[in-house]
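Residues per chain, in single letters:
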Amino acid sequence: MFARISYAFRETIASFRRNVTLSAAAILTSAVSLLLVGTTFLIQRAFDNLLVQWRGDVGMIVFVRPDVSEEQLSFIKQTLEAQPNVINVKKLDYLDRAASFEEAKRVFAGDRTTLSLLSVETIPSQFKVVPLTTDPNLVRGLADQYRNLPGVQGVALAEDEFEVISTMSDFVRAVTIAMSLILLAVAVTLIWNTIRTAMVARRNEIEVMKLVGATNWFIRIPFILEGLVQGIFGAIVSCGGLWTLNRTWTSGVAGFKPGTGVSSLVVPGSYVSGVMIILLMVGALAGGIGSGIAASKFLDV
Amino acid sequence: MIRFENVTKMYGSDVAAVREASFDVPKGEFVFLVGPSGSGKSTLLRLMNRQERPERGIVWVAGANINELADSRIPYLRRGMGNVFQDYKLLMNKTVFENVAFSLQVIGRPKHVIRQQVPQVLELVGLADKEDRFPSQLSGGEQQRVSIARAFVNRPLILLADEPTGNLDPGTGEEIMSLLDAINRTGTTVVMATHDHRVVNAMRRRVIQLDRGLVVRDQERGVYE
């Protein structure tokens, strides 16, 4: 068993050396496509930060002053619940100050100045309101009504805040996903071609192996490993690129004025690490699929 | 050891490479397959090691109907056979030792077995002092000896040789034939396709003659006609 494993690894390394130019091209293409896949994840996460307040069809947020009294809070709640024909009362959600602070950490992820000014004590709590109507004038009328309630600090409308961003997010998501898929297919094809070329170049060797009684899997495994390694190397390069990209972006965002909303677009390092693990898995999978198909299809050389 | 029962092999729908071939090759026999180019000699060898499957008839090897052998079992059938080719099919980037060791390596033989068996077989074929040379540094006859060593290192029951003297001068061809004869005397069944009348006439072994895919002669201690 050990002899076979060591043979497979030796052959993989030897084949890698023989096809160094093609292997480098396959690695580079995988890296570029995986970098785009990773960037898609980061862009998505950045937009999610921006839109986190408005998840679940929330159309209006009623911000409540931090120093609101129990009576005022309960009056606001009753007023909201008294409109079951216009507001989805079941989905009415109250975020207390602690929950609002957690949410603010994402909204102001890259805006340290604003974040330093906020605390659980000073942040307004909020009611997330899901309107039943699609009539913007009716929602706007409601907002004006709530704005004047005692204890209310302000009312924000989804229509004013995020619709452009939401549309842009959908568009960017569609474009980046499509490009990632196309480039991934290119990477798989290039790995497939590299392995096919390696197999054709070694057709005499493969013929001799088959005639002396090597099993198909014994012949295939070094080639599949080669593709797998190309995919993983491509993923490692893309992880480096993604880390650099995110670092540059984060420091760039820090230069924007607080309150512009751009600060929400910062993605935390822990999330980037998670994306890197996904990229390594996708890279290995792409390499394995490309080389696996080639190693099965071109065994009869 | 090998038995053909009414075997027909077609290439395409109208070209019959082998037609209704029937014969037995007992264990330990030396058989020449003779006939002009395109008569079906190589196809018969390829049917014996399951590189080809017949359209009709049955090929038996060591008691097994190899037409019905699952693809996954073919490597194990071939481990009991050695193959020698006219063009040697040596791996030019490997040394003599590595070429011979290769056939043991790919079937997972441990290193200590390889270190023991390869020098023995190189001694047998007279290349013990050239194990570190590359094929390009050897003569045609020496390359064919390496090819025979590679085919025999696993001590196969059957050795299939396709025109092994085809690229060699008569003197070197005789040396190769002596080697195949010596291997046959160890009990290995040898089936050799050739159109070299000198070696057939000199050896006087069983001859199966083919003509356009048909077995037209099967003669004990025959000659090339």
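Basis of the calculations
- Residues numbered from 1 in each chain as written.
- Chains lettered and ligands numbered in written order.
- Predicted model: local features only at pLDDT ≥ 70, side-chain atom pairs only at ≥ 80, totals over all residues.
- Buried ≥ 20, exposed ≤ 12 C-beta atoms within 10 Å, placed from the backbone.
- Helix = DSSP H or I, 4+ residues; strand = E, 2+ residues; numbered from the N terminus.
- Pairing = 2+ DSSP bridges.
- Right-handed = clockwise from strand over helix to strand, strands pointing away.
- Core = buried A, V, L, I, M, F, W, Y, C linked by C-beta atoms within 7 Å.
- Domains from an automatic or database assignment.
- Contact = placed C-beta atoms within 7 Å.
- Nonpolar A, V, L, I, M, F, W, Y, C, P; charged D, E, K, R; others polar.
- Axes fitted to C-alpha atoms, helices over the stretch in contact; angles between N-to-C directions.
- Parallel < 35°, antiparallel > 145°, perpendicular 65-115°, else oblique.
- Left-handed = near helix turned anticlockwise from the far one by under 90°.
- Expected span 1.5 Å × (residues − 1).
- pLDDT = per-residue confidence, 0-100.

Asker: Is there a simple way to think about the pairing of strand S8 (residues 189–194) of chain B in this case?
Answerer: In summary, the side chains of a regular strand alternate between the two faces of the sheet. Residue and element names in this part refer to chain B. Here S8 lies mainly inside the structure; 6 of its 6 residues are buried. Burial along S8 is two-sided: the face carrying Thr-189, Val-191 and Ala-193 and the face carrying Val-190, Met-192 and Thr-194 are both buried. Note that strand S7 (residues 158–162) and S8 share 5 bridges and pair parallel. Bridged to Asp-162 within S8 is Ala-193. Taken together, S7, helix H6 (residues 170–185) and S8 constitute a β-α-β crossover, and its handedness is right-handed.

Asker: Help me out: how do you make sense of the nonpolar core in this one?
Answerer: In globular proteins that are soluble, nonpolar side chains generally tend to be buried together. Within the largest apolar cluster, 119 residues are counted, with the highest numbers of intra-cluster contacts made by Leu-33, Met-48, Val-100, Ala-149, Leu-159 and Val-191 of chain B. Sort the elements by how many residues they give to this core and helix H10 (residues 216–253) of chain A lands first, with 13 residues. Two domains each put at least three residues into this core: domain 1 (2–51 + 164–297) and domain 2 (53–161) of chain A. Every residue in contact with Val-100 of chain B, bar those within four places of it in the chain, is listed here: Val-118, Val-121, Leu-122, Val-146, Ala-149, Arg-150 and Val-153 of chain B. Core analysis: the next-biggest nonpolar cluster, separate from the first, contains 16 residues, Val-58, Met-60, Val-64 and Phe-127 of chain A among them.

Asker: For this particular structure, what's the right way to read the interface of chain A and chain B?
Answerer: Reports of interface size often rely on the accessible area that becomes lost once the parts have come together. Contacts between the two partners involve 14 residues from chain A, matched on the other side by 15 residues from chain B. Looking at the side of chain A that touches chain B, the elements that each hand over two or more residues are helix H1 (2–18) and helix H9 (203–211) of chain A. No other element matches the 6 residues that H9 of chain A contributes to the side of chain A that touches chain B. Taken together, the residues of the side of chain A that touches chain B sort by class into 8 nonpolar, 3 polar and 3 charged.

Asker: What is the right way to read the sheet that holds strand S4 (residues 152–157) of chain A from this model?
Answerer: Neighbouring strands of a sheet are bound in pairs by backbone hydrogen bonds; such pairs are parallel or else antiparallel. Residues and elements named next belong to chain A. Here we have 4 strands laid out as an open sheet, ordered S2-S3-S1-S4, and antiparallel in their pairing. Looking at the sheet topology across the chains shown, the edges are occupied by strand S2 (93–95) and S4. Averaged over neighbouring strand pairs, the angle between their axes works out to 20° when direction is ignored. Along the sheet, helix H6 (residues 136–147) makes contact with strand S1 (60–64) and S4, crossing S4 at roughly 170°.

Asker: I keep staring at the packing of helix H5 (residues 140–152) of chain B against H6 of chain B and nothing clicks. Help me out?
Answerer: A pair of packed helices is characterised by two quantities: the angle between their axes and the separation of those axes. Residue and element names in this part refer to chain B. Where H5 meets H6, the closest approach of the two axes is 10 Å, and the angle between their N-to-C directions is 15°. Classified by the angle their axes make, H5 and H6 are roughly parallel. In terms of crossing hand, the pair formed by H5 and H6 is right-handed. For the pair H5 and H6, the contacting residues are Gly-140, Gly-141, Gln-144, Arg-145, Ile-148 and Phe-152 in the first and Thr-172, Glu-175, Ile-176, Leu-179 and Ile-183 in the second. For the contact of H5 with H6, the residue count by class is 5 nonpolar, 4 polar and 2 charged.

Asker: Can you walk me through the pairing of strand S2 (residues 15–25) of chain B in this structure?
Answerer: Of the strand pairs in this sheet, strand S1 (residues 2–11) of chain B and S2 of chain B are connected by 7 bridges, and their pairing is antiparallel. The residue of S2 of chain B that forms the bridge with Val-7 of chain B is Ala-21 of chain B.

Asker: What exactly am I supposed to notice about H5 of chain B here?
Answerer: All names here are of chain B. An ideal rise of 1.5 Å per residue puts 18 Å on 13 residues; H5 measures up with 18 Å between its terminal C-alpha atoms. By the criterion of burial, H5 is predominantly enclosed, with 11 of the 13 residues buried. Where H5 is concerned, the buried positions are Glu-142, Gln-143, Gln-144, Arg-145, Val-146, Ser-147, Ile-148, Ala-149, Arg-150, Ala-151 and Phe-152. Contact partners of the buried residues in H5: strand S6 (81–85), helix H3 (96–105), helix H4 (111–124), S7 and H6.

Asker: Looking at this structure, I do not really get the packing of H10 of chain A against helix H11 (residues 269–297) of chain A. What am I missing?
Answerer: Residues and elements named next belong to chain A. Interaxial distance between H10 and H11 falls to 7 Å at its minimum, and their mutual angle equals 155°. The angle between H10 and H11 falls in the class roughly antiparallel. Between H10 and H11 lies a crossing whose hand is right-handed.

Asker: Sorry, what's going on with the confidence of the model for chain A here?
Answerer: The predicted coordinates of low-pLDDT regions are not to be read in fine detail. Confidence along chain A averages 83 in pLDDT terms, with 91% of residues attaining 70 or more. Confidence, read as mean pLDDT per element, is least for helix H7 (residues 158–161) of chain A in chain A (69) and greatest for H11 of chain A (91).

Asker: Mind showing me how you'd approach unusual backbone geometry here?
Answerer: Glycine aside, residues mostly have negative phi, and peptide bonds are mostly found in the trans state. All names here are of chain B. Of note, the phi angle at Ala-62 is positive, near 50°, even though the residue is not glycine. You can see Ala-62 is positioned in the loop between strand S4 (56–61) and strand S5 (64–65). The residue Arg-204 is not glycine, and still its phi comes out positive at about 50°. Examined against the element boundaries, Arg-204 turns out to sit in the loop between helix H7 (197–203) and strand S9 (206–211).

Asker: Honestly, H11 of chain A in this entry has me stumped. Any pointers?
Answerer: Residues spaced three or four apart along an α-helix face the same direction, because each turn holds 3.6 residues. An ideal rise of 1.5 Å per residue puts 42 Å on 29 residues; H11 of chain A measures up with 42 Å between its terminal C-alpha atoms. Those residues of H11 of chain A lying buried are Val-272, Val-275, Met-276, Leu-279, Val-282, Gly-283, Ala-286, Gly-287, Gly-290, Ser-291, Ala-294 and Ala-295 of chain A.

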